[in-house]
Amino acid sequence: MHELSIAASIVDAVTESAAAYPGARVTAVRLRVGALAAVVEDSLQFCWEIATQDTPLAGAALVVRTLPAVVHCGVCNADSALDTVQSFRCPLCGRPAADLRQGRELEIESIELEEPEGELAGALAQNQPQEERL
Amino acid sequence: MTTRIVELRRGVLKKNDELAALLRARFSAARVLVLNLVSSPGAGKTALLQAALTQLRARGLRAAALVGDLETDNDARRLALSGAPVRQINTHGVCHLDAEMVGKHLDAWAAAAPAPGPAASEPPASAANRAPTALQLAALDFLFIENVGNLVCPSSYDLGETLRVVLMSVTEGEDKPLKYPGLFNSADAAVLTKIDLAQPCAFDRALALRNLAEVRPGIPVFETSAKTGAGIDAWLAYLAAARPAREAARA
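These figures come from a predicted structure and were not determined experimentally.

With that settled, consider the interface of chain B and chain A. Between chain B and chain A, the contact holds 30 residues from the first and 45 residues from the second. Note on chain B versus chain A: buried area summed over both sides is about 3600 Å², and carbon and sulfur give 53% of it. Three residues stand out in chain B for area buried against chain A, namely Arg4, Ile5 and Val12 of chain B, and they jointly supply 23% of the buried area on that side. For the interface between chain B and chain A, the tally reads four salt bridges. Among the ionic pairs, Arg4 of chain B bridges to Glu115 of chain A, the shortest N-O distance being 2.5 Å. Where chain B meets chain A, there are 19 residue pairs in polar contact (both at pLDDT 80 or more). Looking at the side of chain B that touches chain A, the elements that each hand over two or more residues are β1 (2-11), α6 (181-185) and α7 (205-215) of chain B. In terms of residue count, the dominant contributor to the side of chain B that touches chain A is β1 of chain B (ten residues). Among the residues making up the side of chain B that touches chain A, the classes are represented as 14 nonpolar, ten polar and six charged. Of the pairings in the sheet, the one linking strand β6 (residues 106-115) of chain A to β1 of chain B comprises eight bridges and is antiparallel in character.

Following this line, the structure appears as C-alpha coordinates:
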(Lines give C-alpha, C1' and ligand atoms only; values in the text may rest on other atoms or scores of the structure.)
Protein backbone atom coordinates (compact mmCIF):
# COMPACT_ATOMS: atom_id res chain seq x y z
CA MET A 1 0.00 0.00 0.00
CA HIS A 2 2.86 2.37 0.72
CA GLU A 3 5.09 0.88 -1.99
CA LEU A 4 4.91 4.08 -4.02
CA SER A 5 6.39 6.13 -1.19
CA ILE A 6 9.00 3.41 -0.64
CA ALA A 7 9.86 3.54 -4.37
CA ALA A 8 10.11 7.33 -4.21
CA SER A 9 12.45 7.07 -1.18
CA ILE A 10 14.67 4.66 -3.14
CA VAL A 11 14.76 7.04 -6.10
CA ASP A 12 15.81 9.92 -3.82
CA ALA A 13 18.51 7.92 -2.06
CA VAL A 14 19.95 6.47 -5.28
CA THR A 15 19.88 9.82 -7.10
CA GLU A 16 21.79 11.35 -4.20
CA SER A 17 24.43 8.60 -4.19
CA ALA A 18 24.75 8.46 -7.98
CA ALA A 19 25.49 12.20 -8.10
CA ALA A 20 29.05 11.33 -7.04
CA TYR A 21 29.51 9.65 -10.44
CA PRO A 22 28.75 12.28 -13.06
CA GLY A 23 28.19 10.88 -16.53
CA ALA A 24 27.31 7.44 -15.20
CA ARG A 25 23.93 5.84 -15.74
CA VAL A 26 22.29 3.71 -13.06
CA THR A 27 21.37 0.35 -14.60
CA ALA A 28 20.32 -1.58 -11.50
CA VAL A 29 19.44 -1.06 -7.85
CA ARG A 30 19.79 -3.99 -5.48
CA LEU A 31 17.47 -4.09 -2.50
CA ARG A 32 17.36 -6.30 0.59
CA VAL A 33 13.85 -6.78 1.95
CA GLY A 34 13.11 -8.70 5.15
CA ALA A 35 10.12 -11.03 5.32
CA LEU A 36 8.50 -8.71 7.90
CA ALA A 37 9.20 -5.44 6.09
CA ALA A 38 5.60 -5.06 4.89
CA VAL A 39 6.68 -4.62 1.28
CA VAL A 40 5.12 -6.58 -1.58
CA GLU A 41 7.62 -7.10 -4.37
CA ASP A 42 5.14 -7.10 -7.29
CA SER A 43 3.63 -3.88 -6.06
CA LEU A 44 7.06 -2.36 -5.48
CA GLN A 45 8.17 -3.28 -9.04
CA PHE A 46 5.05 -1.68 -10.44
CA CYS A 47 5.62 1.49 -8.38
CA TRP A 48 9.31 1.51 -9.29
CA GLU A 49 8.43 1.97 -12.95
CA ILE A 50 6.16 4.87 -12.08
CA ALA A 51 8.58 6.48 -9.63
CA THR A 52 11.53 6.34 -12.04
CA GLN A 53 9.65 7.69 -15.06
CA ASP A 54 11.21 10.88 -16.39
CA THR A 55 14.09 10.62 -13.92
CA PRO A 56 17.72 9.65 -14.64
CA LEU A 57 16.82 6.25 -13.14
CA ALA A 58 14.28 5.44 -15.85
CA GLY A 59 14.95 1.95 -17.17
CA ALA A 60 17.07 0.87 -14.19
CA ALA A 61 16.24 -2.60 -12.91
CA LEU A 62 15.14 -3.08 -9.32
CA VAL A 63 16.58 -6.34 -8.03
CA VAL A 64 14.93 -7.47 -4.81
CA ARG A 65 16.48 -10.03 -2.50
CA THR A 66 14.09 -11.30 0.16
CA LEU A 67 15.56 -12.19 3.54
CA PRO A 68 13.80 -14.70 5.80
CA ALA A 69 12.95 -13.80 9.38
CA VAL A 70 15.66 -15.13 11.71
CA VAL A 71 15.05 -15.73 15.41
CA HIS A 72 17.48 -16.43 18.21
CA CYS A 73 16.59 -19.25 20.59
CA GLY A 74 18.12 -18.84 24.05
CA VAL A 75 17.64 -22.52 24.87
CA CYS A 76 19.35 -23.86 21.74
CA ASN A 77 21.66 -20.83 21.66
CA ALA A 78 21.17 -20.72 17.89
CA ASP A 79 19.88 -18.37 15.20
CA SER A 80 17.47 -20.01 12.76
CA ALA A 81 15.49 -18.85 9.75
CA LEU A 82 11.72 -19.20 10.03
CA ASP A 83 9.77 -20.96 7.28
CA THR A 84 6.72 -18.87 8.09
CA VAL A 85 6.19 -15.55 9.83
CA GLN A 86 2.90 -16.86 11.22
CA SER A 87 4.71 -18.76 13.94
CA PHE A 88 7.64 -17.41 15.92
CA ARG A 89 9.06 -20.66 17.24
CA CYS A 90 12.58 -22.00 17.20
CA PRO A 91 12.67 -24.51 14.31
CA LEU A 92 15.09 -26.66 16.32
CA CYS A 93 13.16 -27.11 19.58
CA GLY A 94 9.71 -25.69 18.86
CA ARG A 95 9.74 -23.22 21.76
CA PRO A 96 8.38 -19.69 21.30
CA ALA A 97 11.17 -17.39 20.10
CA ALA A 98 10.58 -13.65 20.38
CA ASP A 99 14.15 -12.51 19.77
CA LEU A 100 14.12 -11.37 16.13
CA ARG A 101 17.58 -11.07 14.58
CA GLN A 102 16.65 -10.46 10.94
CA GLY A 103 13.51 -9.79 8.94
CA ARG A 104 12.74 -6.06 9.11
CA GLU A 105 15.43 -4.96 6.63
CA LEU A 106 14.51 -2.53 3.90
CA GLU A 107 17.90 -1.56 2.58
CA ILE A 108 19.55 -0.50 -0.63
CA GLU A 109 22.44 -2.91 -0.87
CA SER A 110 24.19 -1.52 -3.95
CA ILE A 111 23.72 0.22 -7.25
CA GLU A 112 25.09 -0.74 -10.62
CA LEU A 113 26.44 2.05 -12.79
CA GLU A 114 27.44 2.14 -16.42
CA GLU A 115 29.99 4.79 -17.14
CA PRO A 116 32.02 5.97 -20.09
CA GLU A 117 35.48 4.43 -20.61
CA GLY A 118 38.74 6.30 -20.70
CA GLU A 119 40.20 9.36 -19.11
CA LEU A 120 36.98 10.69 -17.70
CA ALA A 121 36.14 7.44 -15.93
CA GLY A 122 39.68 7.10 -14.63
CA ALA A 123 39.68 10.60 -13.25
CA LEU A 124 36.32 10.10 -11.60
CA ALA A 125 37.31 6.79 -10.09
CA GLN A 126 40.21 8.28 -8.15
CA ASN A 127 38.22 9.66 -5.27
CA GLN A 128 35.32 7.24 -5.04
CA PRO A 129 34.92 5.20 -1.88
CA GLN A 130 33.60 1.64 -1.45
CA GLU A 131 33.70 0.49 -5.02
CA GLU A 132 34.59 -2.60 -6.89
CA ARG A 133 35.22 -2.90 -10.57
CA LEU A 134 33.75 -5.63 -12.68
CA MET B 1 31.29 1.49 -21.23
CA THR B 2 32.35 0.05 -17.90
CA THR B 3 30.11 -1.31 -15.22
CA ARG B 4 30.74 -0.33 -11.65
CA ILE B 5 29.02 -1.62 -8.53
CA VAL B 6 28.77 0.80 -5.63
CA GLU B 7 27.89 -0.57 -2.21
CA LEU B 8 25.40 1.66 -0.43
CA ARG B 9 24.03 -0.38 2.51
CA ARG B 10 21.58 2.36 3.20
CA GLY B 11 18.17 1.98 4.81
CA VAL B 12 15.39 3.08 2.49
CA LEU B 13 13.63 4.72 5.43
CA LYS B 14 16.85 6.15 6.87
CA LYS B 15 15.46 9.69 6.90
CA ASN B 16 12.40 8.58 8.88
CA ASP B 17 14.54 6.53 11.26
CA GLU B 18 16.81 9.51 11.94
CA LEU B 19 13.87 11.83 12.61
CA ALA B 20 12.28 9.18 14.86
CA ALA B 21 15.51 8.92 16.86
CA LEU B 22 15.44 12.70 17.42
CA LEU B 23 11.80 12.53 18.53
CA ARG B 24 12.58 9.66 20.89
CA ALA B 25 15.32 11.75 22.50
CA ARG B 26 12.89 14.68 22.90
CA PHE B 27 10.22 12.45 24.44
CA SER B 28 12.72 10.93 26.80
CA ALA B 29 14.08 14.33 27.88
CA ALA B 30 10.50 15.53 28.50
CA ARG B 31 9.77 12.31 30.43
CA VAL B 32 6.58 11.70 28.55
CA LEU B 33 5.33 8.21 27.71
CA VAL B 34 4.46 8.15 24.02
CA LEU B 35 2.18 5.48 22.59
CA ASN B 36 1.67 4.70 18.93
CA LEU B 37 -1.79 3.12 18.59
CA VAL B 38 -2.20 1.00 15.47
CA SER B 39 -5.09 -1.12 14.23
CA SER B 40 -7.37 -1.70 11.27
CA PRO B 41 -10.00 1.01 10.63
CA GLY B 42 -12.90 0.67 13.04
CA ALA B 43 -11.14 -1.46 15.66
CA GLY B 44 -11.91 1.10 18.35
CA LYS B 45 -8.75 3.20 18.69
CA THR B 46 -10.67 6.41 19.25
CA ALA B 47 -13.12 4.90 21.75
CA LEU B 48 -10.31 3.34 23.78
CA LEU B 49 -8.38 6.59 23.63
CA GLN B 50 -11.40 8.60 24.74
CA ALA B 51 -11.80 6.33 27.77
CA ALA B 52 -8.09 6.55 28.55
CA LEU B 53 -7.92 10.36 28.24
CA THR B 54 -11.00 10.85 30.41
CA GLN B 55 -9.81 8.51 33.15
CA LEU B 56 -6.23 9.72 33.18
CA ARG B 57 -7.45 13.29 33.59
CA ALA B 58 -9.79 12.20 36.38
CA ARG B 59 -6.71 10.81 38.14
CA GLY B 60 -4.85 14.10 37.82
CA LEU B 61 -2.55 12.90 35.05
CA ARG B 62 -1.86 14.97 31.97
CA ALA B 63 -2.49 13.29 28.66
CA ALA B 64 -2.80 14.59 25.11
CA ALA B 65 -3.47 13.01 21.73
CA LEU B 66 -2.30 13.44 18.16
CA VAL B 67 -4.80 11.81 15.85
CA GLY B 68 -3.99 10.67 12.33
CA ASP B 69 -6.60 10.25 9.62
CA LEU B 70 -6.66 10.58 5.85
CA GLU B 71 -9.42 13.18 6.07
CA THR B 72 -11.82 14.79 8.59
CA ASP B 73 -11.27 16.00 12.13
CA ASN B 74 -14.10 13.84 13.48
CA ASP B 75 -11.79 11.93 15.80
CA ALA B 76 -10.21 15.07 17.23
CA ARG B 77 -13.68 16.43 17.96
CA ARG B 78 -14.71 13.22 19.70
CA LEU B 79 -11.54 13.14 21.76
CA ALA B 80 -11.69 16.82 22.69
CA LEU B 81 -14.84 15.98 24.67
CA SER B 82 -12.54 14.35 27.22
CA GLY B 83 -11.10 17.80 27.95
CA ALA B 84 -7.59 16.70 26.96
CA PRO B 85 -5.55 18.64 24.39
CA VAL B 86 -6.05 17.02 21.00
CA ARG B 87 -4.62 17.76 17.58
CA GLN B 88 -5.64 16.25 14.26
CA ILE B 89 -3.14 15.24 11.58
CA ASN B 90 -4.74 14.84 8.16
CA THR B 91 -2.49 12.83 5.87
CA HIS B 92 -4.60 13.51 2.74
CA GLY B 93 -4.29 10.04 1.32
CA VAL B 94 -1.07 8.84 2.94
CA CYS B 95 -1.78 5.50 4.61
CA HIS B 96 0.38 5.95 7.71
CA LEU B 97 1.93 8.58 9.95
CA ASP B 98 5.66 9.20 9.69
CA ALA B 99 8.16 10.84 12.02
CA GLU B 100 8.25 14.04 10.00
CA MET B 101 4.48 14.59 10.28
CA VAL B 102 4.59 13.96 14.04
CA GLY B 103 7.56 16.30 14.52
CA LYS B 104 5.97 19.11 12.49
CA HIS B 105 2.68 18.88 14.35
CA LEU B 106 4.39 18.84 17.73
CA ASP B 107 6.40 21.94 16.77
CA ALA B 108 3.29 23.74 15.53
CA TRP B 109 1.45 22.73 18.67
CA ALA B 110 4.22 24.01 20.92
CA ALA B 111 4.30 27.33 19.05
CA ALA B 112 0.52 27.86 19.15
CA ALA B 113 -0.79 30.87 21.01
CA PRO B 114 -1.37 30.24 24.70
CA ALA B 115 -5.00 29.87 25.70
CA PRO B 116 -6.52 33.09 27.02
CA GLY B 117 -7.34 33.00 30.70
CA PRO B 118 -8.07 29.89 32.74
CA ALA B 119 -10.19 28.28 30.00
CA ALA B 120 -7.70 25.49 29.37
CA SER B 121 -9.93 22.86 30.93
CA GLU B 122 -12.87 23.67 28.68
CA PRO B 123 -13.11 21.41 25.68
CA PRO B 124 -13.06 23.42 22.46
CA ALA B 125 -16.41 23.41 20.74
CA SER B 126 -14.97 22.78 17.30
CA ALA B 127 -11.84 21.19 15.94
CA ALA B 128 -8.87 21.43 18.26
CA ASN B 129 -6.59 22.68 15.50
CA ARG B 130 -8.71 25.72 14.81
CA ALA B 131 -8.53 26.94 18.37
CA PRO B 132 -4.99 25.90 19.16
CA THR B 133 -3.59 26.02 22.63
CA ALA B 134 0.15 25.77 23.02
CA LEU B 135 1.26 22.37 24.23
CA GLN B 136 4.69 21.62 25.64
CA LEU B 137 5.82 18.02 25.84
CA ALA B 138 7.35 18.54 29.28
CA ALA B 139 3.88 19.41 30.60
CA LEU B 140 2.59 15.95 29.74
CA ASP B 141 2.63 12.53 31.35
CA PHE B 142 1.23 10.72 28.31
CA LEU B 143 1.06 11.46 24.61
CA PHE B 144 -1.08 9.13 22.52
CA ILE B 145 -0.51 9.04 18.79
CA GLU B 146 -3.47 7.47 17.03
CA ASN B 147 -2.13 6.17 13.73
CA VAL B 148 -4.10 5.91 10.49
CA GLY B 149 -6.27 2.77 10.54
CA ASN B 150 -4.09 0.30 8.62
CA LEU B 151 -2.43 -2.96 9.64
CA VAL B 152 0.33 -2.87 7.02
CA CYS B 153 2.15 0.38 6.40
CA PRO B 154 2.45 1.83 9.93
CA SER B 155 4.72 -1.08 10.87
CA SER B 156 7.59 0.37 8.77
CA TYR B 157 7.46 3.89 10.19
CA ASP B 158 9.01 4.49 13.59
CA LEU B 159 7.46 7.57 15.22
CA GLY B 160 9.88 7.69 18.14
CA GLU B 161 7.21 6.14 20.36
CA THR B 162 8.00 4.53 23.71
CA LEU B 163 5.49 1.74 23.09
CA ARG B 164 3.67 0.52 20.02
CA VAL B 165 0.25 -0.81 20.89
CA VAL B 166 -1.81 -2.84 18.44
CA LEU B 167 -5.58 -3.03 18.86
CA MET B 168 -7.78 -5.84 17.63
CA SER B 169 -11.53 -5.91 18.07
CA VAL B 170 -13.50 -9.08 18.71
CA THR B 171 -15.68 -8.21 15.70
CA GLU B 172 -12.68 -8.69 13.38
CA GLY B 173 -12.28 -12.38 14.17
CA GLU B 174 -9.31 -14.18 15.68
CA ASP B 175 -6.82 -14.38 12.82
CA LYS B 176 -5.68 -10.77 12.28
CA PRO B 177 -2.27 -11.53 13.90
CA LEU B 178 -1.66 -14.32 11.38
CA LYS B 179 -2.74 -12.14 8.47
CA TYR B 180 -0.61 -9.15 9.49
CA PRO B 181 2.37 -10.67 11.32
CA GLY B 182 4.71 -7.80 10.40
CA LEU B 183 2.70 -5.29 12.38
CA PHE B 184 1.67 -7.55 15.26
CA ASN B 185 5.26 -8.72 15.68
CA SER B 186 6.44 -5.11 15.94
CA ALA B 187 4.03 -4.27 18.79
CA ASP B 188 4.94 -4.00 22.48
CA ALA B 189 1.42 -4.66 23.73
CA ALA B 190 -1.95 -5.70 22.35
CA VAL B 191 -5.43 -4.55 23.33
CA LEU B 192 -8.48 -6.66 22.53
CA THR B 193 -11.35 -4.22 22.16
CA LYS B 194 -15.18 -4.43 22.18
CA ILE B 195 -15.16 -7.52 24.42
CA ASP B 196 -18.77 -6.73 25.30
CA LEU B 197 -19.53 -8.00 21.78
CA ALA B 198 -17.55 -11.25 22.14
CA GLN B 199 -20.58 -13.45 22.64
CA PRO B 200 -22.77 -12.18 19.77
CA CYS B 201 -19.72 -12.48 17.50
CA ALA B 202 -18.95 -16.02 18.72
CA PHE B 203 -15.44 -14.78 19.34
CA ASP B 204 -12.98 -17.57 20.17
CA ARG B 205 -10.90 -15.87 22.86
CA ALA B 206 -8.45 -18.74 23.39
CA LEU B 207 -7.71 -18.91 19.67
CA ALA B 208 -7.15 -15.15 19.43
CA LEU B 209 -4.73 -15.22 22.37
CA ARG B 210 -2.94 -18.19 20.83
CA ASN B 211 -2.59 -16.38 17.49
CA LEU B 212 -1.20 -13.28 19.19
CA ALA B 213 1.34 -15.34 21.13
CA GLU B 214 2.30 -17.22 17.97
CA VAL B 215 3.41 -14.09 16.07
CA ARG B 216 4.65 -12.16 19.11
CA PRO B 217 5.61 -14.54 21.94
CA GLY B 218 5.19 -12.96 25.37
CA ILE B 219 3.15 -9.94 24.25
CA PRO B 220 1.04 -8.48 27.09
CA VAL B 221 -2.65 -8.52 26.15
CA PHE B 222 -5.39 -6.31 27.65
CA GLU B 223 -9.03 -7.25 27.13
CA THR B 224 -11.18 -4.16 27.16
CA SER B 225 -14.53 -2.64 26.40
CA ALA B 226 -14.64 1.14 26.13
CA LYS B 227 -18.42 0.83 26.33
CA THR B 228 -18.70 -1.05 29.64
CA GLY B 229 -15.35 0.07 31.02
CA ALA B 230 -14.18 -3.53 31.41
CA GLY B 231 -10.41 -3.92 31.46
CA ILE B 232 -9.70 -0.19 31.23
CA ASP B 233 -8.21 -0.06 34.74
CA ALA B 234 -5.70 -2.81 33.94
CA TRP B 235 -4.77 -1.05 30.71
CA LEU B 236 -4.21 2.25 32.52
CA ALA B 237 -2.20 0.54 35.26
CA TYR B 238 0.09 -0.86 32.56
CA LEU B 239 0.56 2.62 31.10
CA ALA B 240 1.22 4.13 34.53
CA ALA B 241 3.86 1.49 35.24
CA ALA B 242 5.54 2.13 31.88
CA ARG B 243 5.73 5.88 32.46
CA PRO B 244 9.26 7.24 32.89
CA ALA B 245 9.98 8.18 36.49
CA ARG B 246 9.66 11.87 37.26
CA GLU B 247 11.16 13.96 39.98
CA ALA B 248 8.98 13.62 43.05
CA ALA B 249 9.19 17.41 43.58
CA ARG B 250 7.11 18.24 40.53
CA ALA B 251 3.59 19.00 41.68
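A side chain of one charge can pair with a side chain of the opposite charge when the charged atoms of the two come close. Scanning the entire structure with this criterion turns up 22 salt bridges over all chains. Glu109 of chain A serves as the salt-bridge partner of Arg65 of chain A, at 2.6 Å between the closest nitrogen and oxygen. Placement of the pair is Arg65 of chain A in strand β2 (residues 61-67) and Glu109 of chain A in strand β6, with a sequence separation of 44 residues. Here Glu109 of chain A falls in the buried class, since its relative accessible area comes to 11%. Across the pair Glu161 of chain B and Arg164 of chain B runs a salt bridge whose closest N-O atoms are separated by 2.9 Å.

This part is about helix α4 (residues 99-111) of chain B. When the terminal C-alpha atoms of α4 of chain B are compared, their 18 Å separation across 13 residues agrees well with the 18 Å that a helix rising 1.5 Å per residue should span. When α4 of chain B is considered as a whole, its buried residues turn out to be Ala99, Met101, Val102, Gly103, His105, Leu106 and Trp109 of chain B.

Our focus in this paragraph is the packing of aromatic side chains. Residues and elements named next belong to chain B. Here the structure, examined in full by the defined rule, presents four aromatic pairs over all chains. Seen from their ring centres, Phe222 and Tyr238 are 4.8 Å apart, and the 45 degrees between their planes marks the pair as tilted. A residue pair is termed long-range when its members are at least 10 positions apart, and Phe222 in strand β8 (residues 221-223) and Tyr238 in helix α8 (residues 232-242) qualify at 16 residues. The same class applies to Phe222 and to Tyr238, which are both buried. One aromatic cluster in this structure is built from Phe222, Trp235 and Tyr238.

Cut-offs applied
Residues numbered from 1 in each chain as written. Chains lettered and ligands numbered in written order. Predicted model: local features only at pLDDT ≥ 70, side-chain atom pairs only at ≥ 80, totals over all residues. Heavy atoms only, no water. Contact = heavy atoms within 4.5 Å. Buried area = accessible area lost by both parts, 1.4 Å probe. Salt bridge = Lys/Arg side-chain N within 4 Å of Asp/Glu carboxyl O. Polar contact = N/O pair within 3.5 Å; in protein donor to acceptor, adjacent residues only side chain to side chain. Helix = DSSP H or I, 4+ residues; strand = E, 2+ residues; numbered from the N terminus. Nonpolar A, V, L, I, M, F, W, Y, C, P; charged D, E, K, R; others polar. Pairing = 2+ DSSP bridges. Buried < 20%, exposed > 50% of the residue type's maximum accessible area, 1.4 Å probe, protein only. Expected span 1.5 Å × (residues − 1). Phe/Tyr/Trp six-rings, centres within 6.5 Å; stacked < 30°, edge-to-face > 60°.

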